[in-house]
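# Survey of secondary and tertiary structure
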Amino acid sequence: MNTRKFVLYDDSDDGGKDSPAHGASLEKYQSELNSAQFEAVTTTDGALLVVAGAGTGKTKTLTYRVGYLIESGVPASDILLLTFTRRAAQEMLARAAAICDSRCSQIQGGTFHAFAHKLLRLHASQIGLAENFTVLDQADAEETLDIVRTALGFNKKEKRFPKKRTLATVISTSRNKQLPIELVVEAQYPHFLSFAEEIEFLAKKYREYKRANALLDFDDLLTELRDLFLNFPELGHQISSSLRYVMVDEYQDTNLVQAELVAHFSAVHKNVMAVGDDAQSIYAFRGANYRNILDFPNQFPECKLIKLEENYRSTPEILSLTNFVINRAKEKFTKTLFSRKPEGELPAIVSAPDERFQTRFIAQRILELREEGVPLREIAVLMRNGRDSYALELELRKRNIPFVKFGGQKVVEAAHIKDFLAYLKLIYNPRDVISWNRVLQLLEGVGPKTAKQVIEWVKDSGSPYEIGGVKMSAKYAASLKNLGDLLGSLSSGKKSLGETAAAVMNYYLPLMHEKYYEDFPKREKDLENFLNIIANYQNLETLLAELALDPIELTAIETEPAKPDEQPMTLSTIHSAKGLEWRTVFLINMLDGVLPSKYAVDDAASLDEELRLLYVAMTRAKSLLYVCYPIVCTQRGFEDYMSNPSRFLQKLPDALYERILLVQEKRKSPPQLSGKAKPQLQKKASGGKNENFNDDNLPF
DNA sequence: AGAGTCTCGGTTTTT
DNA sequence: CCGAGACTCT
Ligand SMILES: Nc1ncnc2c1ncn2[C@@H]1O[C@H](COP(=O)(O)OP(=O)(O)OP(=O)(O)O)[C@@H](O)[C@H]1O
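No experiment lies behind these values; they were computed from the predicted model shown.

## A closer look at the site of the ligand
Around the ligand, a shell composed of 20 residues is seen, among which Lys58, Thr59, Lys60, Glu581 and Arg620 lie nearest. The contact in question runs from a nitrogen atom of the ligand to an N or O atom on the backbone of Glu32, over 3.4 Å. Coverage of the ligand by the protein amounts to 84% of the 640 Å² it exposes when considered alone. Here the shell around the ligand gets three residues from one element, more than from any other, and that element is helix H3 (residues 58–71). When the residues that make up the shell around the ligand are grouped by side-chain class, the tally is three nonpolar, nine polar and eight charged. Each of domain 1 (26–121 + 230–310) and domain 3 (318–408 + 559–661) contributes no fewer than three residues to the shell around the ligand.

As structure tokens, then:
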């Protein structure tokens, strides 16, 4: 006979705090956590700060705490989990979900921006925000700024007026760091100081423009939500009442606005936990301030502080190197991590003759590791800049090694996809000036001036899609009508998103062939793949908002869909790798000028941040770490030149690492691949007497 | 005058 | 590899 459980919901307010709900399961927590972690997990009420180094189990503690709360009877929807980056958010939520059962899907959270967006959509009408507001991504924000700048005539007046990119950076930095524009300009672009007033004015006009057109940029998502709490206290109270437990991972990455939001979220229940590591603060450039984490105890009185010092991720060898590296910071950190993991291999520094060799080394080593039984998903290649992996991507494709990439160019940043999306955006919002501008200029004979005329007409027209009727020279009449008819017919909302996209594609393809006659086949493939992805979204509004907040990597549509039988390896910028771990990690292009970035070398604070970046990168590795760089660099428009390895790698104690020499030989055993010679590797411990290799006795 | 073409210079990291 | 500006064509 079947027995079914019947769940009695406990809606009483004390959430079973005193109920013996745990009993047996407490042991589970006790056995899988060390005592400090256990204490953090079971300290559920009040403010709690966990400061600890890389790999000490901060995220583990946080996710176990979620499990613990849920087992105590706290509804998952009362728990809010936040962090700054999308990747870390994804990891955090996935790990939390793995701890407990299906209830976990009810956990609130994700990135700060995504959560703010959700709340704003939900409460738009109550705070005087248009319900169908549009989220501007980086590029949209810059275009919008450009419109305002042109309207003000700032682009004409002075030749040297800053570019839209610079303007966007200045305005955003000023908001994120809550500093006056003048100070930001002075600090970052002193040569533009004479324009400070104009930029200030521009920022004001930009703000007004966004408000008038129901546009929110990324910064607005956070500040609008903060303003909700300030200006609509009852609504704010209602929101925070539903968030009984607030937890923030990677707290060192928060900026002032985010810290304010955390305070608002937890204002009612005051159960707030922050987790972070000041040695891993790598987002100062966007206003993150590791002082937030140091100030946390002041902000939340009676805050309990817990430190974790045992690293469970990396071998002692890797940890010795990373401890040494982080100690090179000007501003010292006091934590020293230890590991009780079994001994492993020394981290290796690989100086490749040039980029080509670096690429071949990595590709070959990955295949060897796979042969040895290391799954690809346990391997990552990390880099400072998204484009540092282009050559490697080609090689991996050539060798059929599946990979996913994080932190590269986004789909929505590719010109042909932007074109395509512009039509969809117009269907969603016929007053989207940026998209009109883009779409109109795709028409033969239409440039900036004609587009502007049409847009002026559209602005005060009651039926914006009827651009066929604009009094214009006959030259454009037909094509304008065509465009207007297409958009008009698709805006009725009768067609599914997939059908709409297909119709747009049908219209756009011939224009695309014209505009990109050089490489349209590749772009057409992209569009086809993109079309398939689009079809999975519910509707246009969701699609557009999601693409802004959680953009798809360009490589995701350029690569053939992954084979389901093998999980891919990872390529990632170091920034996007935060909070993750792999058995084997390769760092590529570790050159001076790359890491540290050439933009950071003149300033001690920036240099320290670059060092922390290297620290984050190295501490991602569980058991094997390869630090690679090419000796000779090739750069477009320059002669080949000798590079310098990162200054952070200079004068490392010999005992901490070994060097790998790349030696090219013909393959003796089965000529597997094309039979071409592949580099073999030879290891030399750097500690030995005559084996202390440096770059000039490499055999190249 | 406005559209189309070509060249040069600048290029971080994220939401 | 894209955007801005100079230059040329209609
Ligand atoms: N008490 C423990 N016993 C065994 N393994 C542990 C313990 N705590 C953490 N680990 C393991 O150590 C690894 C690192 O943990 P986690 O990712 O939570 O660290 P973290 O502090 O968040 O690191 P980072 O700051 O680098 O993101 C994970 O594989 C985790 O499972």
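## Focus on the protein's contact with DNA strand B
Near DNA strand B, the surroundings consist of 28 residues, among which Arg86, Gln138, Arg384, Thr450 and Arg636 are the closest. Counting only atoms of DNA strand B within 4 Å of the protein, the fraction found in sugar and phosphate groups is 63%. Between a phosphate oxygen of DNA strand B and a main-chain N or O atom of Arg86, the distance comes to 2.6 Å. Pro448 is positioned with one of its backbone polar atoms (N or O) 3.3 Å from a phosphate oxygen of DNA strand B. Of all the secondary-structure elements, those providing two or more residues to the surface near DNA strand B are helix H20 (448–459) and helix H26 (574–577).

## Digging into the side chain of Gln280
Tracing the backbone shows Gln280 in the loop between strand E7 (272–276) and helix H14 (291–299). In this structure Gln280 comes out as buried when scored by relative accessible area, which is 3%. A polar contact is formed between the side chain of Gln280 and the side chain of Asp277, at a distance of 2.8 Å. Residues within four places of Gln280 in sequence aside, it is in contact with Gly53, Ala54, Lys58, Gln252, Asp253, Lys578, Arg612, Tyr615, Val616 and Arg620.

## Observations regarding the domain arrangement of chain A
Domain boundaries in chain A define domain 1 (26–121 + 230–310), domain 2 (134–213), domain 3 (318–408 + 559–661) and domain 4 (411–549). Its C-alpha centre places domain 2 at a distance of 27 Å from the equivalent point of domain 4. Every contact between the two is made by nine residues of domain 2 and, on the other side, eight residues of domain 4. In total, domain 2 and domain 4 occlude about 770 Å² of area from one another, counting both sides; carbon and sulfur atoms represent 63% of this. Taken together, the connections running from domain 2 to domain 4 amount to one salt bridge. Lys425 is paired through a salt bridge with Asp140; the nearest N and O atoms lie 3.2 Å apart. For the side of domain 2 that touches domain 4, the elements supplying multiple residues, two or more each, are strand E4 (134–135) and helix H6 (138–152). In terms of residues, the side of domain 2 that touches domain 4 owes the most to one element, H6, which gives five residues. For the side of domain 2 that touches domain 4, the class distribution of residues is four nonpolar, two polar and three charged.

## Some remarks on the sheet that holds strand E2 (residues 79–83)
Spatially, the six strands line up as an open sheet ordered E3-E2-E6-E7-E1-E8, and their pairing is parallel. In the strand order of this sheet, the two ends are held by strand E3 (108–111) and strand E8 (304–308), each with one partner. When strand polarity is set aside, the average angle formed by the axes of neighbouring strands in this sheet is 10 degrees. With respect to the sheet, H14 is in contact with strand E1 (47–52) and E7, its orientation differing from that of E1 by roughly 150 degrees.

Definitions and cut-offs
- Residues numbered from 1 in each chain as written.
- Chains lettered and ligands numbered in written order.
- Predicted model: local features only at pLDDT ≥ 70, side-chain atom pairs only at ≥ 80, totals over all residues.
- Heavy atoms only, no water.
- Near = heavy atom within 4 Å.
- Polar contact = N/O pair within 3.5 Å; in protein donor to acceptor, adjacent residues only side chain to side chain.
- Areas by Shrake-Rupley, 256 points an atom, 1.4 Å probe, with all protein chains shown as cover.
- Helix = DSSP H or I, 4+ residues; strand = E, 2+ residues; numbered from the N terminus.
- Nonpolar A, V, L, I, M, F, W, Y, C, P; charged D, E, K, R; others polar.
- Domains from an automatic or database assignment.
- Buried < 20%, exposed > 50% of the residue type's maximum accessible area, 1.4 Å probe, protein only.
- Contact = heavy atoms within 4.5 Å.
- Buried area = accessible area lost by both parts, 1.4 Å probe.
- Salt bridge = Lys/Arg side-chain N within 4 Å of Asp/Glu carboxyl O.
- Pairing = 2+ DSSP bridges.
- Axes fitted to C-alpha atoms, helices over the stretch in contact; angles between N-to-C directions.

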